[in-house]
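This is what each chain is made of:
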Amino acid sequence: MTVVTFVGADLATDGAVGTGSAVTGAPSASLTTTRAGSWVWGAGNDWDKAIARTVGVGQTKVDEYLSSQGDTYWVQRQSTTTTAAPPAAVAINDTAPTTDQWNLSLIEILPASPATGDTTAPQISAVSAGTPSSSGATITWTTDEASSSQVEYGTTTAYGQSTVQNSTLQTTHSQALSGLSAGTLYHYRVKSADVAGNLAVSGDATFTTANGSSTDPSVVGSWGPVVPWPEVSIHAALTPTGKVLTWQGDFSQGGQQYLLDPVTGSYTQVPSAAADLFCAGQAVLSDGRILVVGGTATQGGLGIRDVTAFDPATETWQTLAPMNHPRWYPTATTLADGRVLVTSGSNTSSTDIVPVPEVYSPTMNSWTDLTGASRSIPYYPFMYQLGDGSILQAGASEQATSSLDLNVSTQQWATVDSRVLDGASIANYAPGKFIKAGSASDGGFTGQSTNTAYTLDMNGLNPAWQAAAPMAFPRSFVNLTNLPDGTVLATGGGTDKSGQDVTKAVMQAEVWQPATGAWSTVASMSAPRLYHSVAVLLPDGRVFVSGSGGDAGVADQKSYQIYSPPYLFKGPRPSISNVPGSAQYGSTAFIGTPDATRIQSVSLIKTGSVTHAFDQNARAMSLSFSQASGGLNVQMPVNGNYAPPGYYLLSIVDANGVPSTAGMIRLSAPSQDTTPPTAPVGLAASASAGQIALTWTASTDNVGVTSYRVSRDGTAIGTSPSTNYTDSPWSPVRPTPTRSPLSTRQAMSARRRTPPRRKPSQWNHDR
């Protein structure tokens, strides 16, 4: 216990308090001061290790106890009292250690009286909202003494949103509100505090935004009808066929899986997977199969080791080699070489998080533990491979975390940003660039959601999250979805963290523009999408939105709705006449189009695979291109670090931001050879009694030739590993490459090295 005495403190009034906690990361918490000259102190504990703390800049460590039981207890404070006028945000933080579980509580110690002796709050007058536009308003007012500026606003007198407090002391005040909905009544009030911290708050006032073009689909887009669906879409993935796979499940049964054709609206129930896929992780393999890792134990424990893959060609599930560790709520990340990294997830209980990452090899159908990289990471961590091959952990869907970087080769973690910054969902909107927004949460949590957003650029020196413009609405359980015009769509979520109160559902969608950093409010959906909701980009540029429910206290939303973004209403769409089925890294692919002269950008977005408002598979980028006769020459990504192997939506976008319907193109994994060998030449035959001896010149191949197939009159009669074969009548020959190309009919019957459990007939969709 640490006892501190204060001289000149206010003994009658309690100051502000703040708390923070996490299972990993550098400790950090904040509070907002209520009086000038106050002093912020913090007390924390680390229940992982007995290790000394390194406090942040401008702070002093007062006391520290390193327990023999392996715990740390400490007290720290601001080095000096707060100088900024209240309300001012004050953070107490440590810079090390960064890997332990911790709690940190703060308190504001108030001075006995304001430093100036002033106890009179400013007088507020002339409050006005001016003439609001369809999406914003500027609030102005005056005060009789210099003071700070802030506006609280919302669609009810509970407000729920506020501007960033301007601590500059002035007598004339102006605060801009943006991201508002057209034709909507808003309540607001203004707040000003003088240098002594005396706070004045105006009465409630209202304004109504202009109708503007709130119904113009070229501005706000348009939602299709709410379509009944046989289950709550807790999981969804876009397949290479353009169909959307969804599944539910619970703690007692695996549930059913359904496949939707979003063009026709028809759907089928596919044969059920052997495992309970509820709350599993999901990736998309380089051959297009949907890989589902873990899930829910229906008899004892929580996580399972099962690994299941959905084959879009046969529309059936396959059982693959199980993981080394049971997992519930893990993340699956496809790597540059086609392998899949799996992190986090629970074993026997919600607190028994599996610390050991493991890697799946599709070619060997086997798992390898990364024991040196062991680390306890919260559920559904946001994991992405970076340009240098390392792995970024940028947050988690249910708990805010610091940001880390894993070197897979050395199995060592490094800190990218030690601050614990919130985010309910994340989008990789360009190579090495990310945006996360809203509040991480789980069904049944309490508290208000936030509208904060942050961006991260991992391409520069000393990368760190930067505060971005906030969303118009606070949201937990929001889905962020990459769009082909380079923007990011935010759908669903709620203004509180429970995910259970449909009256708190945010119906308006928003679009974030990376070029300006601004959000714009667009059309409203018709059904609430809270906890367990999904959003998936479709090949035609629309967005499939579904789910919400499937949990105690949450109303089930057994339906889906498809959103058409504004770009679908801005004029004729460019068209693609030809796109190759596959391409190699670093190659140039020809894209046929009659609209080459009006194309401004080429978008490449990896097919989505979403659960719990987190797309574990999508990656977005813009590709370089040049005009060519009849189309475009498009430069493919140089490697799989930013663009993991698999299927992508390739769209061409015109000067109005209107995208084509996407062509489906596959970037092949290094293990997938798509180049056929050269044809054998120099065939010669020599006859002897009852037989003919054939010889030929060896073929060449970029990988290697393993055998030659011999045919007589078009019918295969045998194979040879060398350049000779003995038979009766003369036969033409063809070689077989070491790894048979999947793009040629010739290779379909050739000898090949393929992953176990994959039947030869199932490769037909790869041609």
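Residues numbered from 1 in each chain as written. Predicted model: local features only at pLDDT ≥ 70, side-chain atom pairs only at ≥ 80, totals over all residues. Heavy atoms only, no water.

A. Layout of the overall build of the protein. From N to C terminus, the protein includes one helix and 60 strands. Here the protein has a C-alpha radius of gyration of 30 Å; the compact-globule value for 767 residues is 27 Å, and the two agree. In terms of its C-alpha atoms, the protein occupies a principal-axis envelope of roughly 120 × 65 × 50 Å. Relative to its 767 residues, the protein shows a buried fraction of 56%. Put simply, of all contacts in the protein between residues at least 6 apart along the chain, 61% involve residues at least 24 apart. Counting every atom, the protein has about 29200 Å² of accessible surface; 51% of that belongs to carbon and sulfur. Once the 40 positive and 51 negative side-chain charges of the protein are each reduced to a mean point, those two points are 12 Å apart. (Helix = DSSP H or I, 4+ residues; strand = E, 2+ residues; numbered from the N terminus. Rg over C-alpha atoms; globule rule 2.2 N^0.38 Å. Buried < 20%, exposed > 50% of the residue type's maximum accessible area, 1.4 Å probe, protein only. Contact = heavy atoms within 4.5 Å. Areas by Shrake-Rupley, 256 points an atom, 1.4 Å probe, with all protein chains shown as cover. Lys, Arg positive; Asp, Glu negative; His and termini not counted. Charge placed at Lys NZ, Arg CZ, Asp CG, Glu CD.)

B. Local environment of the environment of T481. Position of T481 among the secondary structure elements: in strand β38 (residues 479-482). The exposure class of T481 is buried, given its relative accessible area of 6%. On a C-alpha basis, the gap between T481 and V610 in space is 9.8 Å, while along the polypeptide they are 129 residues apart. Setting aside chain neighbours within four positions, we find T481 in contact with T487, V488, L489, A535, L537 and V543.

C. Local environment of the sheet that holds strand β55 (residues 681-688). Read across the sheet, three strands follow the order β55-β56-β59 without closing on themselves; strand pairing throughout is antiparallel. With partners counted over all chains shown, the strands left at the sheet margins are β55 and β59 (724-727), one partner each. Sheet twist, expressed as the mean angle between neighbouring strand axes with direction ignored, is 20°. (Pairing = 2+ DSSP bridges. Axes fitted to C-alpha atoms, helices over the stretch in contact; angles between N-to-C directions.)

D. View of a nonpolar patch on the surface. Nonpolar side chains collect at one region of the surface, where V4, F6 and V62 lie side by side and expose about 190 Å² of accessible area between them. Structurally, V62 can be placed in strand β5 (residues 59-66). By relative accessible area, V62 is classed as partly exposed at 36%. (Patch = residues over 30% accessible without salt bridge, like charges linked within 9 Å, V, L, I, M, F, W, Y side chains within 5 Å. Salt bridge = Lys/Arg side-chain N within 4 Å of Asp/Glu carboxyl O.)

E. Here's a closer look at the sheet that holds strand β29 (residues 366-369). Strands sit in the order β26-β27-β28-β29 across an open sheet of four strands; the sheet is antiparallel. Only two strands of the sheet have a single partner each, and these edge strands are β26 (331-334) and β29. The average undirected angle you get between the axes of adjacent strands in this sheet is 25°. For β26 and strand β27 (residues 340-343), the ladder comprises four bridges, and the chain directions are antiparallel. Counterpart to T333 in the pairing with β27 is L341.

F. Structural detail: the nonpolar core. Among the nonpolar cores identified, the biggest contains 35 residues, and W223, L489, L537, V543, F544 and Y563 are the most heavily contacted of them. Of all elements in the fold, only β18 (235-238), β20 (257-260), β40 (508-513), β41 (518-524), β42 (533-537), β43 (543-547), β44 (559-564) and β53 (646-654) reach the threshold of two or more residues within this core. With four residues, β42 is the single largest residue contributor to this core. Among all residues touching V543, those that are not within four sequence positions of it are T481, L483, L489, A535, V536, L537, Q561, I562 and Y563. Counting residues in each nonpolar core, the second largest holds 26 residues, with L392, A394, Y454 and L456 among its members. (Core = buried A, V, L, I, M, F, W, Y, C linked by side-chain atoms within 4.5 Å.)

G. How the structure looks around empty space enclosed by the protein. Within the structure shown, the criterion is met by two cavities of 30 Å³ or more. Empty space within the largest cavity amounts to approximately 120 Å³. Taken together, 17 residues line the largest cavity, and the ones lying closest to its centre are T481, N482, G608, D615 and A618. Only β34 (425-430), β38, β42 and β47 (599-606) provide two or more residues apiece to the lining of the largest cavity. Its residues assigned to classes, the lining of the largest cavity shows ten nonpolar, five polar and two charged. Around the second largest cavity, the lining residues are S397, E398, A424, S439, A440, S441, F477, Y531, H612 and A613. (1 Å grid on protein atoms, 1.4 Å probe; cavity = no way out; pocket = protein on both sides within 12 Å on 5 of 7 lines; lining within 4 Å. Points joined across faces, edges and corners; volume = space filled by probe spheres on them. Nonpolar A, V, L, I, M, F, W, Y, C, P; charged D, E, K, R; others polar.)

H. Local environment of the side chain of Q165. By the secondary structure assignment, Q165 is in the loop between β11 (161-162) and β12 (166-177). Polar side-chain contacts of Q165 include one of 3.4 Å to the backbone oxygen of P87. Other than its neighbours up to four places away in sequence, Q165 contacts A85, P86, P87, S148, S149 and Q150. (Polar contact = N/O pair within 3.5 Å; in protein donor to acceptor, adjacent residues only side chain to side chain.)

I. Structural detail: the pairing of strand β33 (residues 412-421). Taken together, the six bridges between strand β32 (residues 401-407) and β33 define a ladder with antiparallel strand orientation. Bridge pairing in β33 links L404 to T415.

J. Inspection of the confidence of the model for the protein at higher detail. Of the residues in the protein, 93% reach a pLDDT of 70 or more, and the chain-wide mean stands at 89. Throughout residues 738-767 the model reports pLDDT below 50, and contacts reaching past four residues in sequence, or to other chains, amount to 80 contacts. (pLDDT = per-residue confidence, 0-100.)

K. Structural view of unusual backbone geometry. The step from P86 to P87 runs through a cis peptide bond, and the omega angle for that step is -5°. If you trace the backbone, P87 turns up in the loop between β6 (72-78) and β7 (89-96). The omega torsion across A96 and P97 is -5°, close enough to zero to call that bond cis. Within the secondary structure, P97 sits in the loop between β7 and β8 (102-109). One non-glycine residue, E315, lies in positive phi territory at about 55°.

L. Geometry of the pairing of strand β54 (residues 663-667). For β54, a buried count of five out of five residues is recorded, marking the element as mostly surrounded by other parts of the structure. Of the two faces of β54, the one lined by G663, I665 and L667 and the one lined by M664 and R666 are each fully buried. With five bridges joining them, β53 and β54 adopt antiparallel strand pairing. The residue of β54 that forms the bridge with L650 is G663.

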